[in-house]
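One-letter residues, chain by chain:
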Amino acid sequence: MTSYGLLIFNDAEELDFVGPWEVFTVSSMLRDGADTVVLISEQSGPVRCAKGMRVLPDHTLDDHPPLDVLLVPGGRGARETQPHNPVVTDWIAKTAAQVSWVSSVCTGAVLLHAAGPARGRSVATHWSYEDTLEARGDVSVVRDARYVVDGNLITSQGVSAGIDSALWLVGRLHGREHARAVRRYIQYEPAPPYLADEPIVG
């Protein structure tokens, strides 16, 4: 059994956690419901995400089950608000020391740096915040990889790259063939990645 905890907060980028949520929940489904996936927030009320989606957490920082995986999304909240929230940063630091894997998507790496787990590590983040994160010091920003694995820390560039890193993680946990089955189920096979300039005529 693998227990995934996805941290959410106001102004979190929706797809940064919804993409991995899809991967983790499908992975569990294909494993006959063996795993648990929960949303965790500081407060029990609705969270208003970056693009306006309202989401209800399953647990608060104080009442969630033991976790194997912690995932931190990006968004304005991750880079502007939560790094200055000691309740959240202290919880991340404590939880990161207890879990097997710590992951971030997009500017979630900024929050992980503020909380500690990304310090002294190689990380990926959104292209527009690479310089900003690197300027904080005590971190090596990798600019040419969709996701980076440094020990038990997995960081990804943003949005769809979070799906890539989540697939890598379920493959590491449960095997490559399982990850391929998850990818096929969610039909995540972008090839080519952009078709808007060539409309399909029925």
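The structure this text deals with has already been given above.
Asker: I would appreciate a short explanation of the environment of Trp 91 in the present structure.
Answerer: Residue placement: Trp 91 occurs in helix 3 (residues 86–96). The sequence separation of Trp 91 and Glu 42 amounts to 49 residues, and the corresponding C-alpha distance is 9.4 Å. Among residues more than four places away in sequence, those in contact with Trp 91 are Leu 7, Ile 40, Leu 61, His 64 and Leu 70. Of the polar contacts made by the side chain of Trp 91, one reaches the side chain of His 64; its length is 3.1 Å.

Asker: How should the packing of aromatic side chains be read in this particular structure?
Answerer: The description of two aromatic rings rests on the distance between their centres and on the angle between their planes. On inspection of all chains with the given rule, the structure shows two aromatic pairs. Geometrically, the ring pair formed by Tyr 4 and Phe 24 is stacked, given 4.1 Å between the ring centres and 15° between the ring planes. Of this pair, Tyr 4 sits in strand 1 (residues 3–7) while Phe 24 sits in helix 1 (residues 14–30), placing them 20 residues apart in sequence. In this structure, Tyr 4 and Phe 24 share a single accessibility class: buried.

Asker: Is there a simple way to think about helix 1 in this case?
Answerer: What sets the pattern is the α-helix's 3.6 residues per turn: residues three or four places apart point alike. The terminal C-alpha atoms of helix 1, which comprises 17 residues, lie 24 Å apart, in line with the 24 Å expected from a rise of 1.5 Å per residue. Buried within helix 1 we find Glu 14, Asp 16, Phe 17, Gly 19, Pro 20, Val 23, Phe 24, Val 26, Ser 27 and Ser 28. Directly beyond the C-terminal end of helix 1, a positive phi value near 60° is found at Asp 32.

Asker: I keep staring at a nonpolar patch on the surface and nothing clicks. Help me out?
Answerer: A cluster of nonpolar side chains, contributed by Leu 15, Val 18 and Met 53, occupies part of the molecular surface with about 220 Å² of accessible area. With respect to the secondary-structure elements, Leu 15 resides in helix 1.

Asker: Help me out: how do you make sense of the sheet that holds strand 5 (residues 59–60) in this one?
Answerer: Taking strand neighbours across the sheet as the criterion, the seven strands line up as 5-2-1-6-7-11-10 in an open arrangement whose pairing is mixed. The open sheet terminates on both sides in strands that have one partner only, identified here as strand 5 and strand 10 (147–150). Alignment of strand 2 (residues 36–41) against strand 5, held across two bridges, turns out to be parallel. From the neighbouring strand, Ser 41 faces strand 5, where its bridge partner is Thr 60.

Asker: What should I look at first to understand the packing of helix 6 (residues 160–174) against helix 7 (residues 176–185) in this one?
Answerer: Two numbers describe a pair of packed helices, the interaxial angle and the distance between the axes. Running from amino to carboxyl end, helix 6 crosses helix 7 at an angle of 140°, the nearest separation of the two axes being 7 Å. For the crossing formed where helix 6 meets helix 7, the hand is right-handed. Mapping the contact onto sequence places Leu 167, Val 170, Gly 171 and His 174 in helix 6 and Arg 176, His 178, Ala 179, Val 182 and Arg 183 in helix 7.

Asker: Explain the environment of Val 69 here, please?
Answerer: Mapping Val 69 onto the fold places it in strand 6 (residues 69–72). Remark: the alpha-carbon pair of Val 69 and Val 102, spanning 33 residues in sequence, is separated by 5.9 Å.

Asker: Mind showing me how you'd approach the side chain of Thr 155 here?
Answerer: Inspection of the secondary structure puts Thr 155 in strand 11 (residues 153–156). Note on Thr 155: relative accessible area 0%, which makes it buried. Excluding its chain neighbours within four sequence positions, the residues that come into contact with Thr 155 are Ser 104, Ser 122, Val 123, Ala 124, Arg 146, Tyr 147 and Val 148.

Asker: Before we go on, may I ask you to explain the layout of surface pockets in this structure?
Answerer: Its volume calculated, the largest pocket comes out at about 250 Å³. Residue lining of the largest pocket: Tyr 147, Asp 164, Leu 167, Trp 168, Gly 171, Arg 172, Arg 176, Ala 179, Arg 180 and Arg 183, and that is the complete set. Among the elements of the structure, helix 6 and helix 7 are those that each provide at least two residues to the lining of the largest pocket. For the lining of the largest pocket, the element with the highest residue contribution is helix 6, accounting for five residues. Class assignment for the residues of the lining of the largest pocket results in four nonpolar, one polar and five charged.

Rules behind the numbers
Residues numbered from 1 in each chain as written. Predicted model: local features only at pLDDT ≥ 70, side-chain atom pairs only at ≥ 80, totals over all residues. Heavy atoms only, no water. Helix = DSSP H or I, 4+ residues; strand = E, 2+ residues; numbered from the N terminus. Contact = heavy atoms within 4.5 Å. Polar contact = N/O pair within 3.5 Å; in protein donor to acceptor, adjacent residues only side chain to side chain. Phe/Tyr/Trp six-rings, centres within 6.5 Å; stacked < 30°, edge-to-face > 60°. Buried < 20%, exposed > 50% of the residue type's maximum accessible area, 1.4 Å probe, protein only. Expected span 1.5 Å × (residues − 1). Patch = residues over 30% accessible without salt bridge, like charges linked within 9 Å, V, L, I, M, F, W, Y side chains within 5 Å. Areas by Shrake-Rupley, 256 points an atom, 1.4 Å probe, with all protein chains shown as cover. Salt bridge = Lys/Arg side-chain N within 4 Å of Asp/Glu carboxyl O. Pairing = 2+ DSSP bridges. Axes fitted to C-alpha atoms, helices over the stretch in contact; angles between N-to-C directions. Left-handed = near helix turned anticlockwise from the far one by under 90°. 1 Å grid on protein atoms, 1.4 Å probe; cavity = no way out; pocket = protein on both sides within 12 Å on 5 of 7 lines; lining within 4 Å. Points joined across faces, edges and corners; volume = space filled by probe spheres on them. Nonpolar A, V, L, I, M, F, W, Y, C, P; charged D, E, K, R; others polar.

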